[in-house]
Amino acid sequence: MVTETSQERFRTYNGVFDAFTNRTLFYLESHGHITELSRTLFVGKESNVFTTSHREGDRLVKIYRVQNCDFKQMYRLIIQDPRFKTVRHRPRDVIFTWCQREYTNLLKAKSVGVRVPETFACRNHILVEQLIGDPAPRLKDAIIENPKQCAQDIIENYKKLYCDGGLVHGDLSSFNILYHNQKVWFIDFSQGISVKSDYADEYLRRDLSNIKQFFSKRGLDLNIETMYNSVTKV
Ligand SMILES: Nc1ncnc2c1ncn2[C@@H]1O[C@H](COP(=O)(O)OP(=O)(O)O)[C@@H](O)[C@H]1O
Ligand SMILES: [Mg+2]
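Okay, so let's go over this structure.

Quick notes on the rules
- Residues numbered from 1 in each chain as written.
- Chains lettered and ligands numbered in written order.
- Predicted model: local features only at pLDDT ≥ 70, side-chain atom pairs only at ≥ 80, totals over all residues.
- Heavy atoms only, no water.
- Core = buried A, V, L, I, M, F, W, Y, C linked by side-chain atoms within 4.5 Å.
- Buried < 20%, exposed > 50% of the residue type's maximum accessible area, 1.4 Å probe, protein only.
- Helix = DSSP H or I, 4+ residues; strand = E, 2+ residues; numbered from the N terminus.
- Domains from an automatic or database assignment.
- Contact = heavy atoms within 4.5 Å.
- Pairing = 2+ DSSP bridges.
- Near = heavy atom within 4 Å.
- Polar contact = N/O pair within 3.5 Å; in protein donor to acceptor, adjacent residues only side chain to side chain.
- Areas by Shrake-Rupley, 256 points an atom, 1.4 Å probe, with all protein chains shown as cover.
- Axes fitted to C-alpha atoms, helices over the stretch in contact; angles between N-to-C directions.
- Parallel < 35°, antiparallel > 145°, perpendicular 65-115°, else oblique.
- Left-handed = near helix turned anticlockwise from the far one by under 90°.
- Nonpolar A, V, L, I, M, F, W, Y, C, P; charged D, E, K, R; others polar.

Core analysis: the biggest nonpolar cluster contains 53 residues, and Ile 154, Tyr 158, Phe 186, Leu 208 and Phe 215 have the highest contact counts within it. Mapped by element, the contributors of at least two residues to this core are α3 (71–78), α4 (91–111), α5 (147–164), β6 (167–168), β7 (177–180), β8 (183–186), α6 (200–216) and α7 (224–232). Residue assignment places this core across two domains, with domain 1 (6–130) and domain 2 (139–232) each supplying three or more. Not counting the four nearest positions on each side in its chain, Ile 154 is found in contact with Leu 139, Leu 172, Ile 177, Val 184, Phe 186, Ile 211 and Phe 215.

Here it is, written out as structure tokens:
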């Protein structure tokens, strides 16, 4: 059960469902990607996440709130990625490209066997993907029976992402990893950046440092250099 504060309700109903969003949702519905939005799963700084039922299994709909997005910050980050450096400095172009990058990254990660949700559609500022669990807890809230095995699972997935997918997640932490049936699922790929970016190494190290910190509170002492070598060396 998701309880919304009045501030969240305000953001949900006043910041999201403008005419353009409704048209985009209608497009996604008429193309069979979604049905009615069932419930709010999460209200973030820049997006609202809803669930929708589908005959092939429940899905998640992530809607960026175009009015709320810090497009200048998004622009600064996205042009660090050689794949997207020609994006125009206009709010809509930046936000749509941001959403598109998340979609492309998820498809790439999936294609090389990283455990990520299946992704079904991306239109303008809306992304549709598979709902993991009912939904699954984030790693930060999960009960982890075997931290060592869990950390290993993260490293193995990251290695595939880096070596086979050519990507650095860029925002990996216990907030952006789900834990389901004792397995990790990487989510929230909007900051996923090409390994060819000048910033890739810095972001990879930041991701690994988040993971180290998380497990150190659970009695596991991980070494950043060992993790770095495991992820980057084929
Ligand atoms: N595929 C998914 N399956 C289940 N829950 C998800 C999924 N994707 C996101 N969530 C939930 O929604 C929250 C917000 O999604 P996320 O993509 O991380 O958005 P934000 O960019 O706002 O952090 C996550 O922390 C997680 O709890
Ligand atoms: Mg997130």
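Turning our attention to the pairing of β7. Pairing analysis gives four bridges linking β7 to β8, with the strands arranged antiparallel. Each bridged residue has a counterpart across the sheet, and for Leu 178 the counterpart in β8 is Trp 185. The turn linking β7 back onto β8 is made up of two residues, and Asn 181 within it adopts a positive phi angle of 50°.

Further remarks concern the site of ligand 1. As a matter of local geometry, ligand 1 sits amid 17 residues, with Lys 62, Glu 129, Gln 130, Ile 132 and Asp 188 nearest to it. In the model, an oxygen atom of ligand 1 is placed 3.1 Å from a nitrogen or oxygen of the Asn 176 side chain. When ligand 1 is considered free in solution it has 550 Å² of accessible area, and contact with the protein chains removes 88% of it. Elements that contribute at least two residues to the shell around ligand 1 include exactly β1 (37–43), β3 (59–64) and β5 (126–130).

Next up on the list: unusual backbone geometry. Note the cis peptide between Asp 134 and Pro 135, where omega equals 0°. Within the element layout of this structure, Pro 135 appears in the loop between β5 and α5. With a phi close to 60°, Gln 182 is a non-glycine residue in the positive phi region. By the secondary structure assignment, Gln 182 is in the loop between β7 and β8. Even without glycine at this site, Asp 188 takes up a positive phi of about 60°. Residue placement: Asp 188 occurs in the loop between β8 and β9 (193–194).

A few words now on the packing of α6 against α7. In contact at an axis separation of 10 Å, α6 and α7 are set at 125° when each is read in the N-to-C sense. Classified by the angle their axes make, α6 and α7 are oblique. In this structure, α6 meets α7 at a crossing whose hand is right-handed. Contacts between α6 and α7 involve Asp 201, Leu 204, Arg 205, Leu 208, Ser 209, Ile 211 and Lys 212 from the former and Ile 224, Glu 225, Met 227, Tyr 228, Val 231 and Thr 232 from the latter. Here the residues of the contact of α6 with α7 sort into seven nonpolar, two polar and four charged.

Mapped onto the fold, Ser 197 is located in the loop between β9 and α6. The class of Ser 197 is buried, set by a relative accessible area of 7%. In sequence terms Ser 197 and Ala 19 are 178 residues apart; their C-alpha atoms lie 37 Å from each other. The residues touching Ser 197, leaving out its near neighbours within four places in the chain, are Gln 80 and Pro 82. Within the local environment of Ser 197, its side chain forms a polar contact with the backbone oxygen of Gln 80, the two atoms lying 2.8 Å apart.

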